[in-house]
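Each chain, letter by letter, is given below.
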Amino acid sequence: MFEHLLDVNHCECGKNHSLTTRDYIVEKDALEKLPQLLQKLKVQQKPLAIYDQNTYHAAFEKLDRFLPDVDTLILQGDVIHADETQVEAIAHAAPGHSVLLAVGSGVINDTVRYVGFEQNIPTVSVPTAASADGFVSNSSVMTFNGAKRTIPTVPPTAVVADLEIIAAAPQKLTAAGVGDMLSKYISVADWHVGHLIAGEYYCPFVANLEISALDLIVKQINGIAQRDIPSMGSLVEGLLLSGLAMQMVQITRPASSFEHHFSHFLDVVPMGDNIDCSALHGEKVGIGSIIAAKYYPVFAASLERIFKENLSNQFSLERVHEYYKTFPQGVVDLVLKENASTATNTLDASLLQKNFARVMDIANGIPSPKVMRDALLRVHGYTDYREIGITPNQFRHIMKICSYIRNRFTMLRLISDYELFDFSTMDD
């Protein structure tokens, strides 16, 4: 699988691409082939398999059947986070093992890869649900001192995705994976727009790879909803391709942009007890993607004012501080550090004027909110911010300020920095 992507030389973007993750086993009984894979990787010492309580219940029996000679660590807690507590537990158990098996999805993979990177121990991703695209990412989203941040790590050496286990995962996790994938329509659009109006690096080959994987998932959404094994394989393949896209270009641009501002904000900023803090990353991203699909053409059209009215960037750290000053000091410090300057300073008004028609074509080419909503409804996913407890007033406030949680060139950040939209007018 993915043999054609392992080494892509003389790409049309002008770069060569090479993958760190070289081996993929994605099939119904993939764990049966794990011993053979470890032999190929020349593992000399016992592997250490890291679970949480849920993934232990889902995968231990089958993994132990095919790979009994392995040490086991079960992370404690009903809900675990990629934080200091789990890092300490894994870091304490890791020495003396030549490979770490990350048995789980987002948090497990992020934390195990972080420790593997710190201790120079290779990792193998063993996902137990198709809930996110970070299995093969070259970064980990970690929560240190209460603040989430993305930290460069090393992708896993291999992926072993047992589709029987993944298909049996709670529907909520599958819906999160679909939500995470739908976001790529927005992130690829933002990446392309950044190239056209700010001269940002862009790879058409990687962008098309991302969209092709996403289109396949949308076409198979009924099978995914029914936990059909081949269809679940397509979802896993799409999530892997999204992570590989980030590996290939060494940035998160192909997979995270405007729509992720919404999710990242809710990850970091306390907005009240009414909000469902248990909502998964992909669930929040799915909601953000529907919002972005609705407003992207509106926001894109408003960019014309920048060159027609010779508008200047209104970004200021004082304004960002005003937005966030009522939140805990740790959040304020994080946001101010993130926004020492603004990514939208790279906007070239002459490029915007020259390429405005192409920007509008990209914006109008994003699938409608209905397409995204229908896909998420098929897998029983969230489609509206109110489903996670956000009120209309909170929603409008979040959209006004959430682009400052990450300093990146996105359509929402442009609109916010140039003050081109009155967020109080957003529909309920």
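Because the structure is predicted, anything quoted here is derived from the model rather than measured.

## A closer look at the overall build of the protein
Helix and strand counts for the protein come out as 19 helices and 10 strands. In terms of overall size, the protein behaves like a compact globule, its C-alpha atoms giving a radius of gyration of 21 Å where 428 residues would be expected to give roughly 22 Å. The dimensions of the protein, computed from C-alpha atoms along their principal axes, are 70 × 45 × 40 Å. Here the protein holds 428 residues, and 58% of them are scored as buried. Once local pairs closer than 6 in sequence are excluded, the contacts in the protein between residues at least 24 apart make up 77%.

## Some thoughts on the packing of helix H7 (residues 184–198) against helix H11 (residues 258–268)
Where H7 meets H11, the axes come as close as 7 Å, and the angle between the chain directions of the two elements is 120°. Taken together, the axes of H7 and H11 are oblique relative to one another. The residues of H11 that touch H7, namely those facing Lys184, Ile186, Ser187 and Asp190, are Phe258, Glu259 and His260. By residue class, the composition of the contact of H7 with H11 is two nonpolar, two polar and three charged.

## Here's the deal with the sheet that holds strand S4 (residues 48–52)
Spatially, S3-S10-S7-S6-S4-S5 is the arrangement adopted by the six strands of the open sheet, whose pairing is parallel. The open sheet terminates on both sides in strands that have one partner only, identified here as strand S3 (23–27) and strand S5 (71–75). Neighbour to neighbour, the strand axes of the sheet diverge by 20° on average, direction disregarded. Sheet topology note: the S3/strand S10 (residues 158–162) ladder contains five bridges and is parallel. Looking at the pairing, Tyr24 lines up with Val159 of S10. Lying on the sheet, helix H2 (residues 53–66) is in contact with S4, S5, strand S6 (100–103) and S10; it crosses S4 at an angle near 140°.

## Notes on the pattern of salt bridges
Applying the stated rule across the entire model yields 24 salt bridges. Between Asp69 and Lys46 there is a salt bridge, with the nearest N and O atoms lying 3.4 Å from each other. Within this pair, whereas Asp69 is found in the loop between H2 and S5, its partner Lys46 is found in the loop between helix H1 (34–40) and S4, the two being separated by 23 residues in sequence. Classification of Asp69 as partly exposed rests on a relative accessible area of 49%. A residue is classified by how much of its surface remains accessible, and Lys46, at 37% relative accessible area, is partly exposed. Across the pair Asp180 and Lys184 runs a salt bridge, and its minimum N-O distance is 3.4 Å. For the residue pair Asp180 and Lys184, the accessibility class agrees, reading buried in each case. Through salt bridges that share partners, Lys28, Asp29, Lys62, Asp162 and Glu164 make up one connected network.

## Concerning the nonpolar core
Of all hydrophobic cores here, the largest spans 111 residues; its most connected members are Phe265, Leu303, Tyr324 and Met399. Sorting elements by how many residues they give to this core places helix H10 (residues 229–249) first, with 10 residues. Among residues more than four places away in sequence, those in contact with Tyr324 are Phe265, Val269, Val331, Val332, Val335, Ile401, Cys402, Tyr404 and Ile405. If you look at the next biggest cluster of nonpolar residues, it comprises 20 residues, including Leu31, Leu63, Ala158 and Ile165.

Conventions used here
- Residues numbered from 1 in each chain as written.
- Predicted model: local features only at pLDDT ≥ 70, side-chain atom pairs only at ≥ 80, totals over all residues.
- Heavy atoms only, no water.
- Helix = DSSP H or I, 4+ residues; strand = E, 2+ residues; numbered from the N terminus.
- Rg over C-alpha atoms; globule rule 2.2 N^0.38 Å.
- Buried < 20%, exposed > 50% of the residue type's maximum accessible area, 1.4 Å probe, protein only.
- Contact = heavy atoms within 4.5 Å.
- Axes fitted to C-alpha atoms, helices over the stretch in contact; angles between N-to-C directions.
- Parallel < 35°, antiparallel > 145°, perpendicular 65-115°, else oblique.
- Nonpolar A, V, L, I, M, F, W, Y, C, P; charged D, E, K, R; others polar.
- Pairing = 2+ DSSP bridges.
- Salt bridge = Lys/Arg side-chain N within 4 Å of Asp/Glu carboxyl O.
- Core = buried A, V, L, I, M, F, W, Y, C linked by side-chain atoms within 4.5 Å.

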